[in-house]
Amino acid sequence: MRFRNKHLRSAKRCPPSLLIWSIIGIALLFHFYTLSQIQSNQIETRIYYSDENSITKELETVEEEPLHVTVARSRRNPRAVRRKGSQKPPSIIDEFLDESSDVHELFFPDMRRAINPMSEGNDSAGYFYPGHVWLDTDGKPIQAHGGGILYDEETGTYYWYGENKDGPTYLAHQNAAARVDIIGVSCYSSKDLWSWKNEGIVLRGKKNDETHDLHKSNVLERPKVIYNDITKTYVMWMHIDNANYSKASVGVATSQNPTGPFQYLYSIQPHGCESRDMTIFKDDNRKAYLIYSSEDNTELHVSPLTDDYLNVTNEFKSIFVRRHREAPALFKFEGTYYMITSGCTGWAPNSALAHASESMMGPWETLGNPCMGGNVIFRHTTYFSQSTFVLPLPGLPGLFIFMADRWNPANLRDSRYVWLPLAIGGVSDESLEYSFGFPLWPRVSIYWHKRWRLPDGWRDL
């Protein structure tokens, strides 16, 4: 028989509405705390490289540029139009890729507007003009596409490595992408990042050995070089493929000097996986990583390199799964890793995305489109270019140079370089995947400028 104590009150259940509002209240408190921390960090970051170093303010100014485009007339015969009906007009990207269009000429100015470091009485000395022909100290167009830069601290010299595409553009077969036979990897040296001396082809293609990875009929793309402090060796990694892009591998070459010659060692498919667009990144602790597009470009893989930088370790991580990202460019600031990637649209430009992580192995968060200024079309096409490298600037912490290629598939040797200032600060565009929807990192911003230069004495700051 059960007895009830009249002095004890029956327990009351917490109303569901009260529980829900409690959870919302806790979430809001966390949200406000996170925002306060972000705002505090933003103020510190902005003061650090904008107010104290006011010389960088001009580079972080949002510069708008209207794009005036005349709608192309249809090239179809009027009778065909009446018979089959009108077709969708070409998009701005179609016109950009069409070498015969007026739009194409806007983005590929002729030699009369070239960046020429040897021109006497040059009032444009030191200025970068994104998309213009860029001449070396011999007066020839620089051939360093899909490239990256190595900085030698001992000599204060920058070495720019990239694909030499100074050959005829053609299609290997009807449905193939535009290509140029492998010529090799070019190297240029500079003290100021503007005037570049041609150091020659440091890794040459093979004309006669059809079994060699570097035979002219194959593909060599996106070469990057880092220095191994243990072996005192310069190590180059690159995308190696055949004409139909089914080999999907990475190649490795080494040299005792930054200007080569590099000796080609071998190609591999890291961890037995496809590898196409790729880059390598050397961390502050001298640990290096390979980052590459894999699984038919549906995801990226990140893997540490061995201590000699000649192979990958057994560890790797898949990131951005089913996101279809390529052209990775890595950099680091105040302990946080950042990455710029491109979508997969062949030679056609698309929207870049910025990503951040506390660890190279992830998890990686997407911050949104980093492009600022220009116009809507510019921002959604990464200024009609594709990422290849992000270069830190000694003396200007928090400021970087975003390096990209403006591809010209009708004439690949005439592809151009788009270099622009990149800074870190502000709230990111997109809510993040692992932080309850609240941003953890500041925004990555690439600022459009038709003409810009680094501050005077930037290397001595």
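Fair warning: this is a prediction, and the values are worked out from it, not measured in the lab.

Chemist: For this particular structure, what's the right way to read the packing of aromatic side chains?
Modeler: Two aromatic rings are characterised by how far apart their centres lie and by the angle between their planes. Applying the stated criterion to the full structure yields 29 aromatic pairs. Where Phe96 meets Phe108, the ring centres are 5.6 Å apart and the plane angle is 25 degrees; that geometry is what we call stacked. Placement of Phe96 in helix H3 (residues 92-97) and of Phe108 in the loop between helix H4 (102-107) and strand E1 (127-128) is noted, with a sequence separation of 12 residues between them. When the centroid spacing of 6.4 Å and the interplanar angle of 50 degrees are considered together, the rings of Trp160 and Tyr188 count as tilted. Here the residue Trp160 occupies a position in strand E3 (residues 157-164), and Tyr188 occupies one in strand E6 (residues 184-190), the gap between them amounting to 28 residues. Its relative accessible area of 1% is what places Trp160 among the buried residues. An aromatic cluster is present here, built from Phe128, Trp134, Trp160, Tyr188, Trp196, Tyr417, Trp419 and Trp452 joined pairwise through their rings. A cation sits over an aromatic face here: Arg451 above Tyr127, 3.6 Å from the ring centre.

Chemist: How should I be thinking about the pattern of salt bridges in this particular structure?
Modeler: As a working rule, side chains carrying opposite charge can pair if their charged atoms are close by. Scanning the model with the defined rule gives 14 salt bridges in all. A salt bridge links Lys282 to Asp229; the nearest nitrogen and oxygen atoms lie 2.7 Å apart. In this pair, Lys282 sits in strand E12 (residues 278-282) while Asp229 sits in the loop between strand E8 (219-228) and strand E9 (233-241), placing the two residues 53 residues apart along the sequence. Put simply, Lys332 and Asp284 hold a salt bridge, and the shortest N to O gap is 3.2 Å. Of this pair, Lys332 sits in strand E16 (residues 325-333) while Asp284 sits in the loop between E12 and strand E13 (288-294), and the two are 48 residues apart along the sequence.

Chemist: Would you explain the sheet that holds strand E11 (residues 263-268) in this entry?
Modeler: Note: strands within a sheet are paired through backbone hydrogen bonds, in either parallel or antiparallel orientation. One open sheet accounts for 4 strands, arranged E8-E9-E10-E11; its pairing is antiparallel. Each of the sheet's edge strands pairs with one partner strand only, and the pair in question is E8 and E11. Direction aside, the axes of adjacent strands within the sheet are offset by 25 degrees on average. Relative to E11, strand E10 (residues 249-255) runs antiparallel, the two being bridged by 5 bridges. Across the sheet, Ala253 pairs through a bridge with Tyr264, a residue of E11.

Parameters and conventions
In this convention, every chain numbers its residues from 1, walking through the sequence in written order. Totals for whole chains, interfaces and linings use every residue, but because this is a predicted model, local features are given only for residues with pLDDT of at least 70 and side-chain atom pairs only at 80 or more, for both listing and counting. Calculated side-chain values reflect all of the structure's heavy atoms, with hydrogen atoms and water omitted. Here a pair means two rings of Phe, Tyr or Trp (six-membered ring of Trp) with centres within 6.5 Å. Their orientation is stacked below 30 degrees between planes, edge-to-face above 60, and tilted elsewhere. Numbered from the N terminus, helices here are DSSP runs of H or I no shorter than four residues, and strands are runs of E no shorter than two. A 1.4 Å probe rolled over the protein chains alone gives each residue an accessible area, and that area as a share of the maximum for its type sets the label: buried under 20%, exposed over 50%, partly exposed in between. Note on criteria: charge over ring means Lys NZ or Arg CZ within 6 Å of the ring centre, with the direction from the centre no more than 35 degrees off the ring normal. We define a salt bridge as a contact between a side-chain nitrogen of Lys or Arg and a carboxyl oxygen of Asp or Glu at a distance within 4 Å. By definition, two strands form a pair when at least two bridges between them are found by DSSP. With axes taken as lines fitted to C-alpha atoms, and helix axes fitted only over the stretch in contact, angles between N-to-C directions fall between 0 and 180 degrees.

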